[in-house]
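Single-letter residue listing:
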Amino acid sequence: MSVLDELVAGALEDQQSRERTVSLEAVKKAALAAPAPIDATRWLKRADGIPVIAEIKRASPSKGHLSDIPDPAALAREYERGGASAISVLTEGRRFLGSLDDLDQVRAAVHIPVLRKDFIVTDYQIYEARAHGADLVLLIVAALDDDTLRHLLALAHDLGMTVLVETHTREEIARAVAAGAKVIGINARNLKNLRVDVRKYDELAADLPDDVIRVAESGVFGAVEVEDYARAGADAVLVGEGVATADDHELAVERLVKAGARVKASETTPLSEHQGPCWGQFGGRYVPEALITALDELERVYEEAKADPEFHKEFMTLQQRYVGRPSPLTEAPRFAALVREKTGLDARIFLKREDLNHTGAHKINNALGQALLVKRMGKTRVIAETGAGQHGVATATVCAMLGLKCRIYMGQIDARRQALNVARMRMLGAEVVEVTLGDKILKDAINEALRDWVTNVKDTHYLLGTVAGPHPFPAMVRDFQKIIGEEAKEQLRDWYGIDHPDAVCACVGGGSNAIGVMNAFLDDDRVNLYGYEAGGNGPESGRHAIRFAPGTGQLGMFQGAKSYLLETDEGQTLDTYSISAGLDYASVGPEHAWLKEIGRVNYSWATDEEAMNAFRDLSQTEGIIPAIESSHAVAGAYKAAADLKAKGYDKAVMIVNISGRGDKDMATAGKWFGYLTDDQAAALDVTGAHGNTVA
Amino acid sequence: MTNTATTPSGQPLGISHKPSATETMFDKLAGENRPAFIGYLPYGFPNPDTSLDALRTMVEHGVDAVEIGLPYSDPVMDGPVIQAASQIALTNGESITNVFKAVETVANAGGVPLIMSYWNLIYHYGVERFATDFENAGGAGLITPDLIPDEAGEWIEASDRHGLDRIFLVSPDSSDERLAIVSRNARGFVYAASRMGVTGERATISSSPEQLVERTRKAGAKHVCVGIGVSTADQAAKVGAYADGVIVGSALVHTLLNDDNKTARDTAEGLSLLAAKTDELAEGVRNAR
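Being a predicted model, the structure only gives us computed values, none of them experimental.

1. Quick word on the overall build of chain B
In step 1: From N to C terminus, chain B includes 12 helices and nine strands.
In step 2: A compact globule built from 289 residues should have a C-alpha radius of gyration of about 19 Å, and chain B, at 18 Å, falls within 12% of that.
In step 3: The principal-axis extent of the C-alpha atoms belonging to chain B is close to 55 × 45 × 35 Å.
In step 4: Out of the 289 residues in chain B, the part that is buried amounts to 61%.

2. Structural notes on the sheet that holds strand E12 (residues 282-286) of chain A
Residues and elements named next belong to chain A.
In step 1: Pairing is antiparallel across the open sheet formed by four strands, whose spatial order is E11-E12-E22-E21. Since the sheet does not close on itself, it has two edges, and those belong to strand E11 (278-279) and strand E21 (554-558), each with one partner.
In step 2: Sheet analysis places E11 next to E12, joined by two bridges and oriented antiparallel. Within E12, the residue paired with Trp-279 across the bridge is Phe-282.
In step 3: Here helix H23 (residues 590-597) sits on the sheet and contacts E11, E12 and strand E22 (560-565); the angle it forms with E22, its principal contact strand, is near 45 degrees.

3. Some words on the pairing of E21 of chain A
For a regular strand, side-chain orientation follows a simple rule: the groups alternate between the two sheet faces.
Residues and elements named next belong to chain A.
In step 1: With five bridges connecting them, E21 and E22 associate as antiparallel partners. Following the sheet pairing, Gln-554 is matched in E22 by Leu-565.
In step 2: As consecutive antiparallel partners, E21 and E22 are separated by one residue, and within that stretch Gln-559 has a phi angle of approximately 50 degrees, a positive value.

4. Side note on the UniProt feature "active site" (unreviewed entry) in chain B
All names here are of chain B.
In step 1: The UniProt record marks Glu-67 and Asp-78 with the feature "active site" (unreviewed entry), using the residue numbering of this structure.
In step 2: Within the fold, Glu-67 resides in strand E2 (residues 65-69).
In step 3: Excluding anything up to four places from it in sequence, Glu-67 contacts Ile-38, Gly-39, Tyr-40, Leu-114, Met-116, Ile-143 and Ile-247.
In step 4: You can see Asp-78 is positioned in the loop between E2 and helix H3 (80-91).
In step 5: Here Asp-78 falls in the buried class, since 26 other C-beta atoms lie within 10 Å of it.
In step 6: Those residues in contact with Asp-78 that sit more than four places away from it in its chain are Gln-83, Val-198 and Thr-199.

5. Description of the nonpolar core
In step 1: Counting 324 residues, the largest nonpolar core has Ile-87, Val-137, Val-215, Val-237 and Met-654 of chain A together with Ile-68 and Val-246 of chain B as the members making the most contacts within it.
In step 2: Broken down by element, the residue count for this core peaks at nine residues, all from helix H25 (residues 628-646) of chain A.
In step 3: Those residues in contact with Val-215 of chain A that lie beyond four places of it in its chain are Leu-44, Ile-53, Leu-164, Val-183, Ile-184, Gly-185, Ile-186, Ala-234, Asp-235, Ala-236, Val-237 and Leu-238 of chain A.

6. Observations regarding the pairing of strand E14 (residues 346-353) of chain A
Residues and elements named next belong to chain A.
In step 1: Of all eight residues making up E14, six are buried, and the element is well covered by its neighbours.
In step 2: Relative to E14, strand E13 (residues 329-331) runs antiparallel, the two sharing three bridges. Bridge pairing in E14 links Thr-330 to Leu-351.

7. As for the interface of chain B and chain A
In step 1: Facing the 49 residues of chain B at the interface are 43 residues of chain A.
In step 2: Element by element, the count of residues in the side of chain B that touches chain A is highest for helix H5 (residues 119-125) of chain B, at six residues.

8. So, the packing of helix H9 (residues 223-232) of chain A against helix H7 (residues 153-162) of chain B
In step 1: Put simply, H9 of chain A and H7 of chain B touch, their axes get as near as 7 Å, and they point 135 degrees apart. By the angle between their directions, the pair H9 of chain A and H7 of chain B is classed as oblique. Where H9 of chain A abuts H7 of chain B, its residues Ala-223, Val-224 and Glu-227 of chain A lie against Gly-153, Glu-154, Ile-156 and Glu-157 of chain B.
In step 2: In the contact of H9 of chain A with H7 of chain B, the residues fall into three nonpolar, one polar and three charged.

9. Comments concerning helix H8 (residues 198-205) of chain A
Residues and elements named next belong to chain A.
In step 1: Listing the buried residues of H8 in full gives Tyr-201, Leu-204 and Ala-205. In a view along the axis of H8, the buried residues occupy a sector of 80 degrees, so they form one face of it. Those residues of H8 that are exposed and aimed more than 90 degrees away from the buried face are Arg-199 and Asp-202.

10. Quick word on the sheet that holds E14 of chain A
Residues and elements named next belong to chain A.
In step 1: As summarised here, the arrangement of the six strands in space is E13-E14-E24-E19-E20-E23, forming an open sheet in which the pairing is mixed. Taken across any chain shown, the strands that pair with only one partner, and hence form the sheet edges, are E13 and strand E23 (601-606). Within the sheet, the average angular offset between the axes of one strand and its neighbour, ignoring direction, is 25 degrees.
In step 2: With three bridges joining them, strand E19 (residues 503-507) and strand E24 (residues 651-658) adopt parallel strand pairing. Bridge pairing in E24 links Val-504 to Ile-655.

11. Observations concerning the environment of Arg-77 of chain A
In step 1: By the element assignment, Arg-77 of chain A lies in helix H3 (residues 72-82).
In step 2: Apart from residues lying up to four places away in sequence, Arg-77 of chain A is in contact with Ala-109 and Val-110 of chain A.

Cut-off values and rules
- Residues numbered from 1 in each chain as written.
- Chains lettered and ligands numbered in written order.
- Predicted model: local features only at pLDDT ≥ 70, side-chain atom pairs only at ≥ 80, totals over all residues.
- Helix = DSSP H or I, 4+ residues; strand = E, 2+ residues; numbered from the N terminus.
- Rg over C-alpha atoms; globule rule 2.2 N^0.38 Å.
- Buried ≥ 20, exposed ≤ 12 C-beta atoms within 10 Å, placed from the backbone.
- Pairing = 2+ DSSP bridges.
- Contact = placed C-beta atoms within 7 Å.
- Axes fitted to C-alpha atoms, helices over the stretch in contact; angles between N-to-C directions.
- UniProt positions renumbered as here; feature names shortened; annotations may be inferred.
- Core = buried A, V, L, I, M, F, W, Y, C linked by C-beta atoms within 7 Å.
- Parallel < 35°, antiparallel > 145°, perpendicular 65-115°, else oblique.
- Nonpolar A, V, L, I, M, F, W, Y, C, P; charged D, E, K, R; others polar.
- Arc of directions from axis to C-beta.

What follows is the structure, given as structure tokens:
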């Protein structure tokens, strides 16, 4: 006899003994006289959260005694206060130590739906459940034949109750659906390690009709399982031990409710309107508590500003009159011919000219937006990090314009290879601090900026330059940069009469220019999106900044967000390398990690050599000198064209984001291509005007 | 992510209701009417073997609970002294898999072993795996400088299953609402940063930590310890008068560094300076009330 058979037999025996005291007729009468049931289906599915069914559970056959629960009514009220959507009451007495008395007490204590959980196989038990005020009953497919299942389901429905139908296999799910089940309990535990297995869930739930509510019914203990099931697609969860045995029952339920709400919020569509804090499993706020007050303030002020037409007006006016927006969308026919020659794709290629912005890159869009927020917050001091110096220059620029005190952190290696930008920042009145800790590159500059912020957060704003870091930075920086794609889309239509591009290419360091140019196209499936990371000497060389290719980045938390990260077996951040200081970063913005995970953006890389060749190609075919960062996107255009060709395109319209101009990179390029004599190169080194490509 | 710890019947572990090791310590010290002395040292600094000697020395000279630091490449909450020590440890081959030896060393010496770690190291090691190994080594709790309760779902679950303390931080800037969130989710004690900023010694300690301790208790915390900036016996006594524990980091780490603050001092000399500094601070803590 299986455990289930034994439990059913016992439950039946107990029911028969109750029936000798209270007849079926009497129970029927009581059921019909009971106050109307709550429609539980309305409680078990919602757009903004994962409803939690919290269980009153004293023991189970698999785990033995769990909790005494002397006062089930009090426990149920704690669950309700914690945000439970329903209470499950085990009424089986032999192994689970429950009773109908528990059910009565709970029913009287709460205003949310109550589930009678028992081994129900007879009409009597259904009427009895209703008579005791249950809104939901449990039926276990494995314990019932098809006819009985159909019959009991119909009886419960006739009495106005909702039925949670417990299943364990695909066959049982099919039987449940055929019998008319509207709420199905799914058990997606991997029996080897008892963890929730998303693949198993998918396998089980794949063919379920949309109007069936899916309740994850087994193995839910804490936030981990709620998140796993929610990401797998469950509508609700049933939790027993994890809440019944907790020290603080209310808090335990509250944590589960919050975990579910987070997952729901992290999967918002349309893609372009996602507001964080999490993109799928990525993002969040992995920062010291000392920064939370400042991040909360920033989020609040930003939300207010977003809703304030005056803020938009000021921002857009400055974008036009100070930055010089809109930046043009330039067709590049001679470059397109090169691409055609190499790939066979008949492409029309358009360059989004962020290089023509004031200060020479897209960075000013975000620096300007955040600086206006600094004014709104009443702070007086701005700090920022910079890699290639473009963000530092943009920040120093807006701070000069708005009269804000400004300090820029820059890794010593970057400060050498971008010495001219150091001079520019100082010219603009900013203090530039060269960071000599760690690897002396961008990440180390960010560490120092974070330390400064933790110390001076009262009067200081950290003007983060990319779509990374803790919430709200990734969403906020994206919002300030998305004008790039919005303009490009409009210009393509208005200037060139083209409805939409077939492809958009951008380089990805932290990822702000890429998000900026892609956001307007995220929800348009006709547009193929391509992001190019810094390939350095190639993925096998160990000298690169590729986070997304197999065998490179891993999941981790870095500088405030969960994303992909280049790290050692110990979880220590790896050194990165790229000829381009602006892409030389160990992690990547969380939204990119998510767009990779859901397959919306194709990520690949361009090596130093490919980027430098593209740098020359674009310069010599179009008279436009891109930044070395942007040259990775130009190099990517060849790869994207090849990919489009492989996908069956013969003709294609492509947008390549030229995120910045290459003047700052002339020394590097001059040496790379041998355009300078040894004397000239040496002269540059001596004056310190330019650095070299520092490994 | 495999849940390695299970009950004999193969089910995942339930909530452990074993008493909090740090709360037990506070209860005992309350009988002596004195605060706890909590000392910090990065594991593996200056090298793995010497760091075990150093941890033992600290316990033998009066530290009640040891915060064993896990060196990290990007320690954003740490000042120059601890950054330098962490870097030396990493260079000398520190590995997270061996930190449990340090936990055992502290436990065997009679101290309460805590680990302080940036979250990525624990996440990368595997949260459940870490909790299992830490519990098995006799560990008491984990201090998480860059993990706030809002992000700590996996750790809360693992620490509940393994009966480990969860020590989150609060700072003078924290709102009452944040203090309440931290206090509700904490187990063991709440770590109050004495001032805004990174770790490091300070000549003076302002009065703000006293207010912060009071506010944090009001927000529901049973025990509050104060760290960051405490480096002398006087400061320890002053802080110990109102806090449940006094946390000292940089001042102890400092004894094992040369005057350049970048290289490790001669081992014997360092350990004897560490012992002396520990004695001095322990004296301050014992005279706090």
